[in-house]
Amino acid sequence: MSNNLRDASLYERIYAVAGQIPPGKVSTYGQIAAIVGGGCTAREVGYAMAALKEDDTTTPWQRVINAKGEISPRGGAGAMMQRVLLEREGVSFDEQGRVDFDQVGWDGPLWAWLDRHNFKPAPSLRHKGPDEGEQLSLF
DNA sequence: GTGATGACGATAT
DNA sequence: TATATCGCCATCA
């Protein structure tokens, strides 16, 4: 794909944002959609993840979960593998199989990264991070 | 071109 | 808090 994502397909942009989630952190379908913008909804993000090959290692699909903090029920083995991958990164689940967003929730990419890749999220999401410069405020 | 589908989300009950 | 319903919009048949 091109370095400049302005002309990239919707899926490519979704994968690019998802790829910014650091190990040990998780994001939600709605968050990714809000960052990508431009007619992207949570459903599209989920659809994009479903389109990935299961053995894909270039996109951290396992770090994208639903807004309830649960791994999306996609039928059996895949969901369990996703949980194992996250636990390997240090993400803990409670008795109900949920994660704590206060603990492992992703704060979003740096604004400089968004600008460099021509993403245009709502300006209201913009704020000053503690030591990491400007970033999004998604929580 | 048209309708069905879906790794979702917000709201109502 | 746990279901039920409806809205959402890019793909696909």
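Each remark here, short or long, concerns the structure printed above.
So, how was this worked out
- Positions within a chain are numbered from 1, following the residues in the order the chain's sequence is written.
- As they are written, the chains are lettered A onward and the ligands numbered 1 onward, keeping that order.
- Predicted model: local features are reported for residues with pLDDT of at least 70 only, side-chain atom pairs are reported and counted for 80 or more only, and whole-chain, interface and lining totals are derived from all residues.
- Excluding hydrogens and water, the side-chain values take into account all heavy atoms of the structure.
- Being near a molecule or strand, for a residue, means having at least one of its heavy atoms within 4 Å of it.
- Within 3.5 Å is the distance limit for a polar contact, defined as a pair of N or O atoms, with the added protein rule that one can donate a hydrogen and the other accept it, and that residues adjacent in sequence qualify only through two side-chain atoms.
- Each helix corresponds to a stretch of at least 4 residues labelled H or I by DSSP, and each strand to a stretch of at least 2 residues labelled E; elements are numbered beginning at the N terminus.
- Here, a salt bridge means any side-chain nitrogen of Lys or Arg that lies within 4 Å of a carboxyl oxygen of Asp or Glu.
- Throughout, exposure labels follow a simple rule: accessible area from a 1.4 Å probe, protein chains only, divided by the maximum for the residue type, with under 20% read as buried, over 50% as exposed, and the rest as partly exposed.
- When residues are sorted by character, Ala, Val, Leu, Ile, Met, Phe, Trp, Tyr, Cys and Pro go into the nonpolar class, Asp, Glu, Lys and Arg into the charged class, and all the rest, Gly among them, into the polar class.

**Considering the protein's contact with DNA strand C**
Around DNA strand C, the neighbouring residues are Leu 10, Tyr 11, Gly 39, Thr 41, Arg 43, Glu 44, Tyr 47 and Arg 98. Atoms of DNA strand C within 4 Å of the protein belong to the sugar or the phosphate in 73% of instances, the rest to bases. Measuring from a base oxygen of DNA strand C, one finds a side-chain N or O atom of Glu 44 at 2.9 Å. At the level of secondary structure, the elements contributing two or more residues to the surface near DNA strand C comprise helix H1 (10–18) and helix H3 (42–51).

**Considering the pattern of salt bridges**
Tallying each qualifying case throughout the model produces three salt bridges. The residue Arg 63 makes a salt bridge to Glu 89 at a minimum N-O spacing of 2.8 Å. Of this pair, Arg 63 sits in the loop between H3 and strand E2 (64–65) while Glu 89 sits in the loop between helix H4 (77–88) and helix H5 (101–104), and the two are 26 residues apart along the sequence. Given a relative accessible area of 24%, Glu 89 falls into the partly exposed group. Note that Glu 87 and Arg 83 form a salt bridge whose closest N and O atoms lie 3.1 Å from each other. With a gap of four residues between them, Glu 87 and Arg 83 both fall in helix H4, about one helical turn apart.

**Some thoughts on the protein's contact with DNA strand B**
In the vicinity of DNA strand B lie 14 residues, with Arg 43, Met 49, Ala 50, Trp 61 and Ala 67 positioned nearest. Each atom of DNA strand B within 4 Å of the protein belongs either to a base or to sugar and phosphate, the latter forming 40%. A distance of 3.3 Å separates a phosphate oxygen of DNA strand B from a polar backbone atom of Gly 30. Backbone polar atom of Ala 50 to a base nitrogen of DNA strand B: 2.8 Å apart, as the coordinates give it. When residues of the surface near DNA strand B are assigned to their parent elements, the largest contribution, six residues, is made by H3. Split into classes, the residues belonging to the surface near DNA strand B amount to six nonpolar, five polar and three charged.

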